[in-house]
Amino acid sequence: MYQNYAIQFPELPKRTANTMPTQKVVTGRTVGPLAIVPGGVLNNLFLAPPLSEEDMKAGLASLLERPSDLSLPEAAVLPKAVQLHQREDGGLPKMGSSEKACKRRRALVRRKATPEAQGQMPGTRPPSAISDKRAEVHKGTRLLPLTCPSLSAPTAPTATPNSKFPFVILDGRADRLGSDFLRFREHYCLCAGSLEDALGRLELLLRRFAVPMALVSGERLVDLVQSGALEFGGHGGGGGGGHGCRLGERESRLLRTLENEEEVRELALQPGRRYWGEGGRRAAAVRVQACWRRHRARAAYLAQRLSRWAAGTIALSWLMHAQMSRVRTALRERRLRALHACRQRAKYLAENWKHISTSRRTIIHIPSLGFTQEQRFSLWGMFNIMQNSQMGRLCDVLDENVEVIYVAPKPLGEDLSHYYTRLLSLHQAVQLGNPDAPRDPCATRVTFLTPEAWQYFPTHNMCLSTILWHSPRTLRRIRHLIQGREAYIVGGVPHADDLLVAQELGVPVLGPEPPVARLYGTKSGGRRVFASAGVPVPPGQRDIYTLQQLHETLAHLITDHLDVQRWLFKMDGELGGRGTASCEVCHLGSLEWAQQQRARHQPQHWNTEWAKEEVLNRFLEEVPQLLARHAQPTNTGVFPTWAQFLEQFLRHGGVVEAYPPSESVTCLTVDLLVEPAGEVRVLSCGDQLHGPNGLEVLGSTVPQTSVCPEALHQLCTRVGRACLDRGILGYLSVDLVTFLQPGTMEQQVWAIDLDLGYSNQLAMTQLTLAMSGGTLDCRTSRLEVPLPVRQTKASLPKHKAKAQPTPVTSRYAVIGSRLLHTNLSMVHYSVFFQMCKAQGIGFDIKERQGTLFGLHDSAERYSLAMVTVCEDLEGSLMTFARNLAVIHQEISAPNMQGVSNFKDLIKEIEGVLGLTIQNKTQERKEDQTDALTGSDQD
């Protein structure tokens, strides 16, 4: 075996009687029955014994009965029993005596395996030989390895083959004269042609991948040929080999005929292995050319696809732009038509206002807040509650000629509608002062409607006018209710969709046009109206949009008004004090020096530009650092930092105003009605109650007691006329501030803000007047209610009953329009009213004083309004504070206090009470002093 095949068998130890097992010789036929094939096929390649014509006709069956007649070559290995012995050492088998012949064969194999001999590209590295570690892995096996000098490649078999007819293919060529191959060919002589074709394909495959050695299983090769898989199998790769190689189905089936299939497959799948074998240089060139052509084709395709995409995008963008332009044009035309129609109806309303306001009419209340989208989304969870916080509008139905259609942003709920219906039905009992009086049927003239589209847009936070515009059924219902009657709309904060709703219903709007409201409803617009009305305003500047303009304006204002210690920055379009920031000028390093410079000059010289130039330049240098370090937003929940506030301030514009230079400052709110006919009516006035930051309004005391009523009435009338000149109609509110000038101790009144729309104070004032049966005279700042009826008219003489006027008395009301407490949401309204009744919180119809509540929402219930009416202001304030404390105690637990503004409002009321008591004490002392002075003069 070593001389013929260079296979070295291990040296076996001699057998002894103790270790030699009993062997059993297996005898029998070693060749199975063969099929009958044509005689021409037998003489193709293999040599067979000559046969006569009679034998050919008789077939193989006659030959099998006479095996002695067949002359077959002597087998290389005689059949006999195989003896297995224990291995005494785990090392590799030792070489025999013919070591020199083995070395010569190794040298021959190396020459065949060079890249030039295999058609490889010069300069490439041959496959690495198997490491000694891989050989050591198989030391412990009992199978006999084949130790051929050419098997140092990774594909060397590690065990004795399992096939009966194995043969070796070295460097892609089988030794057809070897004994193992001859034995295989002799055994399968009847399918020699097919086997030779399959063997050629296998050899070509191994040469293409430069496989140094492969051990073929004869049985597997024959099974593959007889199955016909090579003829009908699928095609695949096999000639590839860039970064890796993919074998086709035929190639995979050929590799399955190898005993060392895993090693050969692993070697064939190595990246670039194809280029080491036969035809590798040409395959590499083809591969490079194919890659380059593919790259060029791919680049051209991508460029062409990019061009097509760009062309499609441009075309689609143009189509969308054209479509959007058409839609915008259509919307613009529709809004212009609606605006034109609104102006025509407003003209009709102005010409016939006196007749309409005294005849039967229908008022459509749409409490919509037409804020910007950014503002609406910042009020998430509170927006609908804010839109429904003016249920006091229902009190318009107390006029016998009025019917009210109230459009709610969400369904009110049975408890809420029942509560307000019952309040309105008590109007006759309030007028008579008798709780047992029959119910007033005015509640039947109220209709509650909710747009059906509120449930279709749960996350859009759209204003009520927009929701109503998308609710055709509700619009159709309103048209049916107002058919044949005079009607008009009373909205909230104006919005463009108000005109669309008015056009759909065919009724006028008692309010300004949306473009006019957007212009004059801001902080800058309010200062324009105040300037034209000739009312005093705080020192400041409007329409600031750039940072440089802000710095220069603030520096000029500080220079001109060194007594002002605090400056406010108010953002246009914001609400409720949210868009306000403040800065103290005491942090300026040059402030004391500037005051000294002013003292050096006379007052008439200080007002000139040359005297203030040096101070102005110093302030221009310090103002940027002052704002960056010491300016703070008042509502950190909306604008946490000055940088965020400044970004929005410069984006939307705003004003810079002086804070009153006094420690005692009082703010007022006056509600006006600018009628279409041109008359200005003052409907309500009250002193504001603020939150902890001093700018957020939580309530008010009605009527106001801070300013001379006649002077306040004249000032507000001038503001109303200025609004009328600019086309601002309907309901509006004027915010003012009053204080004592530090130097002269004279009272100053500044107009600081103008709000267009129906206010919460006005709505709660209407509810207060309806339940107390009183009237509010803003010229005298008196809330007058009839005295309790202690003696019926029947018991008096008729002449006395007719001659005596109805006696009246004064009342004071404290209004909390936005009371928030999260624990209220856990208490139903029925339980809440029972709790208040148990604590003595209620309204006395006979005495016309007590506590009233305004409910806002049936689902959330954490927001409500409260009014306390008493004979004096101190009593109203104390009752209000006590009610807040009792309610908080009843609905809260030590471990669940909740989030509320009750404590802030109680603290504000305590401060107001202290000032009220102090003022009364001072007035009493002044009266005593005047009395003593008068007696001395007498």
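Residues numbered from 1 in each chain as written. Predicted model: local features only at pLDDT ≥ 70, side-chain atom pairs only at ≥ 80, totals over all residues. Heavy atoms only, no water.

Caption draft 1: Geometry of helix α29 (residues 709-725). Across its 17 residues, α29 extends 24 Å between first and last C-alpha, which sits within 8% of the 24 Å expected from 1.5 Å per residue. Where α29 is concerned, the buried positions are Leu712, His713, Leu715, Cys716, Thr717, Val719, Gly720, Ala722 and Cys723. If you follow the buried residues of α29, they end up packed against α23 (523-533), β13 (666-674), β14 (680-690), β16 (730-740) and β17 (747-756). Phi turns positive, to about 80°, at Gly727, one or two residues after α29. (Helix = DSSP H or I, 4+ residues; strand = E, 2+ residues; numbered from the N terminus. Expected span 1.5 Å × (residues − 1). Buried < 20%, exposed > 50% of the residue type's maximum accessible area, 1.4 Å probe, protein only. Contact = heavy atoms within 4.5 Å.)

Caption draft 2: Expanded view of the nonpolar core. Counting residues in each nonpolar core, the largest one holds 106 residues, and the members touching the most others are Val719, Leu732, Leu736, Phe832, Phe853 and Ile887. For this core, the element with the highest residue contribution is helix α33 (residues 873-891), accounting for eight residues. Residues contacting Leu732, with those up to four places away along its chain left out, are Val670, Asp671, Leu672, Val674, Cys723, Leu754, Asp755, Leu756 and Gly757. Counting residues in hydrophobic clusters, the runner-up holds 34 residues, among them Ile558, Ala581, Leu588 and Leu646. (Core = buried A, V, L, I, M, F, W, Y, C linked by side-chain atoms within 4.5 Å.)

Caption draft 3: Main features of the pairing of β13. In terms of residue burial, β13 counts as a mostly covered element, since eight of its nine residues are buried. Two strands pair when backbone bridges link them, and β13 and β16 are joined in this way by nine bridges, in the antiparallel orientation. Bridge assignment links Leu673 to a residue of β16, and that residue is Tyr731. By the bridge criterion, seven bridges tie β13 to β14 in an arrangement that is antiparallel. Bridge pairing links Val670 to Cys685 in β14. (Pairing = 2+ DSSP bridges.)

Caption draft 4: View of empty space enclosed by the protein. For the structure shown, the criterion picks out seven cavities of 30 Å³ or more. What the largest cavity holds in volume is close to 200 Å³. Secondary-structure elements contributing two or more residues to the lining of the largest cavity are β7 (486-490), α21 (496-505) and β16. It is α21 that contributes the most residues to the lining of the largest cavity, three residues altogether. (1 Å grid on protein atoms, 1.4 Å probe; cavity = no way out; pocket = protein on both sides within 12 Å on 5 of 7 lines; lining within 4 Å. Points joined across faces, edges and corners; volume = space filled by probe spheres on them.)

Caption draft 5: Structural context of the confidence of the model for the protein. Summary statistics for the protein give a mean pLDDT of 82 and a share of 78% for residues scoring 70 or more. Contacts of residues 84-154 to residues separated by more than four positions or lying in other chains number 94 contacts, the stretch itself having pLDDT below 50. Here residues 798-803 scores under 50 on pLDDT; set against residues more than four positions off or in separate chains, the count is zero contacts. (pLDDT = per-residue confidence, 0-100.)

Caption draft 6: Molecular detail of the sheet that holds strand β5 (residues 402-407). Read from one edge to the other, the open sheet built from four strands follows the order β6-β5-β4-β7, with strand pairing classed as parallel. Lying at the two open borders of the sheet, with one neighbouring strand each, are β6 (446-449) and β7. Strand after strand, the sheet turns through a mean of 20° between neighbouring axes, direction not considered. For strand β4 (residues 361-365) and β7, the ladder comprises five bridges, and the chain directions are parallel. Note that in β7 the partner of Ile364 across the bridge is Ile489. (Axes fitted to C-alpha atoms, helices over the stretch in contact; angles between N-to-C directions.)

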